[in-house]
Amino acid sequence: MTVPVSLVEVNSALPENRVATDFYRGADAALDDSVMFKSPKYRRHMGPDETAADLIVKAARPVLDRAKERGDGPVDLLITNVLLPDLPFTGAGAEVAHRLGERPDWVLDVHNGGCVSFVYMLKLAKQIMQSGGAKTALLCNVQNSAGQVFTQPTIRTKSHAPVPGDGCGVGYLRIGDESPIIDVEIRQYVEYATDVGLAFDDDRKYWQPGQSEMDVSFTDSKVAKIIGRGNQLVPQVVTALCDRIGVRTPDIDVLVTNQPNRMFLRNWREALQLKPERHLDTFDEYGNLFGAAVPITLTEAVRDGRVGPGDLLVLAGFAHAGDMAGAAAIRWQAGG
């Protein structure tokens, strides 16, 4: 018999600095109303002395305090995904474990997965736990490039700069069936892995000294391809997951996806035949949170009562230029 694994709690931590779009407007600004880079109303920015580990600890500590009160024991498995690592050689996991007073058997810093990394980490954690390797797990997602990369003087004026926002979301898993992860579908499209990269005006490597500012490279042709893939990948992976667990996509109670822009959110919802209130949307308040969007958006919904006991919850998204897509089905608080 397969051991059930449950996502029993989520939480988030957001930088205090709430930034309006006027921050980016100036004589040289290239803001536009393109469907790919149309700006949200607001976003949060990391402070100059704020780190990914700071946000993770802030989000995770109350979750672990409640787990301790329940008698869950220590964290056995800690997985982090940080978009812009503060420590490129070691990742954030070891520092986070130390600051939380934990000594997990597993500390994994997962750098791939992008905007669908929370779903990817769910699958990884579920398989490790079902193999007997862990009884509890903490999954941590941080998006921290908005206040550090997209506010640089020359980058700040570009059309894509206002879209990202910063934040952290965490999820706590344990063995049991109170909020079971029913199934996870992950699809790899490795041929698209190099379609998004870093760009420097002087063509230097990111670790080489120089004066040019780091940016994300987008060309018109690449943007068109990303739009085409993105419109298809999420409905495809969600439909495949639903087919496997024996439900129709219109029967999903709550869909939580990454939040890249309004166009994708609308198109995914329509393709899956879901009413707007069933597909959660935090884009205008937080912008594109990349991998952190799923746990942060879910946290908001749980706090607001938009996810209830017994709901069929589907988490989904696609990464980067389409190199990965994934979806997870969860019976939220099944025993509630």
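A brief look at the structure comes next. Quantities reported herein were computed from a predicted structural model and do not represent experimental measurements.

What about the sheet that holds strand 5 (residues 106-109)?
On the basis of which strands lie adjacent, the open sheet formed by five strands has the order 1-7-6-4-5 and mixed pairing. With partners counted over all chains shown, the strands left at the sheet margins are strand 1 (5-13) and strand 5, one partner each. On average, adjacent strands in this sheet sit at an angle of 15° to one another, irrespective of strand direction. Across six bridges, the pairing between strand 4 (residues 77-82) and strand 6 (residues 136-143) is parallel.

Things to note about a nonpolar patch on the surface
Taken together, the side chains of L198, Y206 and W207 present a nonpolar region at the surface, about 410 Å² in accessible area. Mapped onto the elements, Y206 comes out in the loop between strand 9 (197-199) and strand 10 (215-217). By relative accessible area, which is 55% here, Y206 ends up exposed.

Description of the pairing of strand 12 (residues 312-319)
With eight of eight residues buried, strand 12 is to be regarded as a mostly interior element. Where burial is concerned, the two faces of strand 12 agree: the one with L312, V314, A316 and F318 and the one with L313, L315, G317 and A319 are both buried. Inspection of the sheet shows strand 11 (residues 254-257) paired to strand 12 by four bridges, in the parallel sense. Bridging across to strand 12, T257 finds its partner in A316. Relative to strand 13 (residues 324-331), strand 12 is paired through eight bridges, and the arrangement is antiparallel. Its bridge partner being in strand 13, A319 is matched across the sheet by M324.

Focus on the packing of aromatic side chains
For the structure shown, the criterion picks out six aromatic pairs. Look at F23 and Y24: their rings are 5.0 Å apart centre to centre, the planes differ by 85°, and that puts the pair in the edge-to-face class. Judged by relative accessible area, which is 1%, Y24 ranks as buried. Arranged with centres 5.5 Å apart and planes meeting at 75°, the rings of F264 and F318 form a pair that is edge-to-face. Taken together, the residues span a long stretch of sequence, with F264 in helix 5 (residues 262-271) and F318 in strand 12 at a distance of 54 residues.

Topic: the packing of helix 1 (residues 52-70) against helix 2 (residues 93-100)
Contact pair helix 1 / helix 2: the axes reach a minimum separation of 10 Å and the direction vectors enclose 45°. Taken as axis vectors, helix 1 and helix 2 run oblique relative to one another. Where helix 1 crosses over helix 2, the handedness of that crossing is right-handed. On helix 2, the residues that touch A53, D54, I56, V57, A60, R61 and L64 of helix 1 are E95, V96, R99 and L100. Residue classes in the contact of helix 1 with helix 2 are distributed as seven nonpolar, no polar and four charged.

Notes on the environment of I79
For I79, the position within the fold is in strand 4. With 30 residues separating them along the chain, I79 and D109 place their C-alpha atoms 5.7 Å apart. Not counting residues within four places of it along the chain, the set of residues in contact with I79 comprises L108, V110, M121, L124, A125, L138, L139 and C140.

Details of the sheet that holds strand 12
Strand order in the open sheet formed by four strands is 8-13-12-11, with mixed pairing between adjacent strands. Single-partner strands in this sheet number two, and they are strand 8 (181-188) and strand 11. Within this sheet the neighbouring strands show an average axis-to-axis angle of 10°, counted without direction. When strand 8 meets strand 13, the two strands line up antiparallel, connected through seven bridges. Paired with I186 across the two strands is G326, which belongs to strand 13. Sitting on the sheet, helix 3 (residues 117-130) is in contact with strand 8, strand 12 and strand 13, with an inclination near 120° to strand 8.

Basis of the calculations
- Residues numbered from 1 in each chain as written.
- Predicted model: local features only at pLDDT ≥ 70, side-chain atom pairs only at ≥ 80, totals over all residues.
- Heavy atoms only, no water.
- Pairing = 2+ DSSP bridges.
- Helix = DSSP H or I, 4+ residues; strand = E, 2+ residues; numbered from the N terminus.
- Axes fitted to C-alpha atoms, helices over the stretch in contact; angles between N-to-C directions.
- Patch = residues over 30% accessible without salt bridge, like charges linked within 9 Å, V, L, I, M, F, W, Y side chains within 5 Å.
- Areas by Shrake-Rupley, 256 points an atom, 1.4 Å probe, with all protein chains shown as cover.
- Salt bridge = Lys/Arg side-chain N within 4 Å of Asp/Glu carboxyl O.
- Buried < 20%, exposed > 50% of the residue type's maximum accessible area, 1.4 Å probe, protein only.
- Phe/Tyr/Trp six-rings, centres within 6.5 Å; stacked < 30°, edge-to-face > 60°.
- Parallel < 35°, antiparallel > 145°, perpendicular 65-115°, else oblique.
- Left-handed = near helix turned anticlockwise from the far one by under 90°.
- Contact = heavy atoms within 4.5 Å.
- Nonpolar A, V, L, I, M, F, W, Y, C, P; charged D, E, K, R; others polar.

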